[in-house]
Amino acid sequence: MIDRVVSRRHLLRAGLRGAVAGAGIVMAGGAIARPIPTVAGSTADELARLAFVNTHTSESLRVVYREGPRYLTDALARIDHVLRDHRTDEVHPIDPALLDQLDRLAAMLGVGKDPYHVISGYRSPRSNAMLASRSGGGGKKSLHMEGRAIDIRIPGVPLARVREAALDMKAGGVGYYPGSDFVHLDTGRVRNWRG
């Protein structure tokens, strides 16, 4: 895994100083750290795109987040912001491996341009504890708190079909919540459950 350092000058030129600082991006000479891995085996001209609609904030985003093996720091910061904890407004880095799962899932379902409707991305420990106390949702060691889990639906695609494709990837955890109309994906160990 290769860590990528982004120069402060580049970030200032891009006008992203505040957004990047909030997302914890690596900055040369700065105290903020975020390792950005690369993907082995990707071709240099391959573009990975994702689209999101946050169901709580109504924010939407369409973005190329990876060019071949290289993750795009500015795009990751934008994704981190849209997938932030909507209860506390806290931003946390989202695991690039989770984004790659979503990219692969969209390709498997043939919905590359359709946005994922996001019920929950990053979840702060405070929000997670509140959910656990109210409804039993939010496990004590939830991967949402590490930016390694997401709860999604794709309008027009049957939830059972999303679940089946996610299970076929064998890339992490898959939770199926038909009563709440979402599928949970994470980058933890391969496992599945029904909620």
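Structure report, in brief.

Conventions we followed
- All residue numbers refer to position in the chain's written sequence, counted from 1.
- Two thresholds apply to this predicted model, a pLDDT of at least 70 for residue-level local features and 80 or more for giving and counting side-chain atom pairs, whereas whole-chain, interface and lining totals are computed over all residues.
- For side-chain calculations, the full set of non-hydrogen atoms in the structure is used, while hydrogens and water are omitted.
- Centres within 6.5 Å are what make two rings of Phe, Tyr or Trp a pair, Trp counting through its six-membered ring; a difference in plane orientation under 30 degrees is then read as stacked, over 60 as edge-to-face, and the rest as tilted.
- Only DSSP runs of H or I with at least four residues qualify as helices, and only runs of E with at least two residues qualify as strands; both kinds are numbered from the N terminus onward.
- Buried residues are those whose accessible area, probed at 1.4 Å on protein chains only, stays under 20% of the maximum for their type, while exposed residues exceed 50% and partly exposed ones sit between those limits.
- Our definition puts a charge over a ring when NZ of Lys or CZ of Arg is within 6 Å of the ring centre and also within 35 degrees of the ring normal.
- Whenever two N or O atoms come within 3.5 Å, that pair is a polar contact, provided that in protein one can donate a hydrogen and the other can accept it, and provided that, for residues adjacent in sequence, both atoms are side-chain atoms.
- Whether two residues are in contact is decided by their heavy atoms: any pair within 4.5 Å suffices.
- One speaks of a salt bridge when a side-chain nitrogen belonging to Lys or Arg is within 4 Å of a carboxyl oxygen belonging to Asp or Glu.
- Strand pairing is assigned whenever DSSP identifies at least 2 bridges connecting the two strands.
- Residues grouped as a nonpolar core are buried Ala, Val, Leu, Ile, Met, Phe, Trp, Tyr and Cys residues, joined through side-chain atoms within 4.5 Å.

Describing the packing of aromatic side chains
Working step 1: This structure, assessed with the given rule, holds three aromatic pairs.
Working step 2: Their ring planes at 35 degrees and their centres at 6.5 Å tell us that F52 and Y116 sit as a pair that is tilted. You can see F52 sitting in strand 1 (residues 47-54) and its partner Y116 sitting in strand 4 (residues 116-120), a full 64 residues away along the chain.
Working step 3: By relative accessible area, which is 1% here, Y116 ends up buried.
Working step 4: Geometrically, the ring pair formed by Y65 and Y71 is stacked, given 6.2 Å between the ring centres and 25 degrees between the ring planes.
Working step 5: If you follow R163 out to its NZ or CZ, it ends over the ring of Y176, 5.1 Å from the centre.

Focus on the side chain of N54
Working step 1: Relative to the assigned elements, N54 resides in strand 1.
Working step 2: For N54, a relative accessible area of 4% corresponds to the buried category.
Working step 3: A polar contact is formed between the side chain of N54 and the backbone oxygen of V82, at a distance of 2.8 Å.
Working step 4: Among all residues touching N54, those that are not within four sequence positions of it are E59, V82, R84 and V118.

Considering the pattern of salt bridges
If charged atoms from side chains of opposite charge come close, those side chains can pair.
Working step 1: Across all of its chains, the model carries 12 salt bridges by this definition.
Working step 2: The salt bridge partner of E146 is R148, with a shortest N-O separation of 3.2 Å.
Working step 3: Residue R191 pairs with D186 through a salt bridge whose shortest N-O separation is 2.7 Å.
Working step 4: One network of salt bridges, with partners in common, ties together E46, R66, D100 and D103.

Digging into the pairing of strand 2 (residues 60-67)
Working step 1: Alignment of strand 1 against strand 2, held across seven bridges, turns out to be antiparallel. From the neighbouring strand, V53 faces strand 2, where its bridge partner is S60.
Working step 2: The antiparallel hairpin formed by strand 1 and strand 2 contains five residues in its connecting segment, where S58 sits at a positive phi of about 65 degrees.
Working step 3: The loop that links strand 2 with its antiparallel partner strand 3 (residues 70-71) comprises two residues; one of these, G68, has a positive phi angle of about 60 degrees.

Observations regarding the nonpolar core
Working step 1: One finds F52, Y65, L105, Y116, I150 and L185 to be the most contacted residues of the largest nonpolar core, which totals 37 residues.
Working step 2: Considering every element that reaches this core, the biggest residue donor is helix 4 (residues 96-109), with six residues.

Observations regarding unusual backbone geometry
Working step 1: In this model, K170 sits at a positive phi of 50 degrees, which is unusual for a non-glycine residue.
Working step 2: Taking relative accessible area as the criterion, K170 reaches 60% and is therefore assigned exposed.
Working step 3: Backbone geometry places D181, a non-glycine residue, at a positive phi of 60 degrees.
Working step 4: Residue placement: D181 occurs in the loop between strand 6 (173-177) and strand 7 (182-186).
Working step 5: You can call D181 partly exposed: its relative accessible area is 35%.

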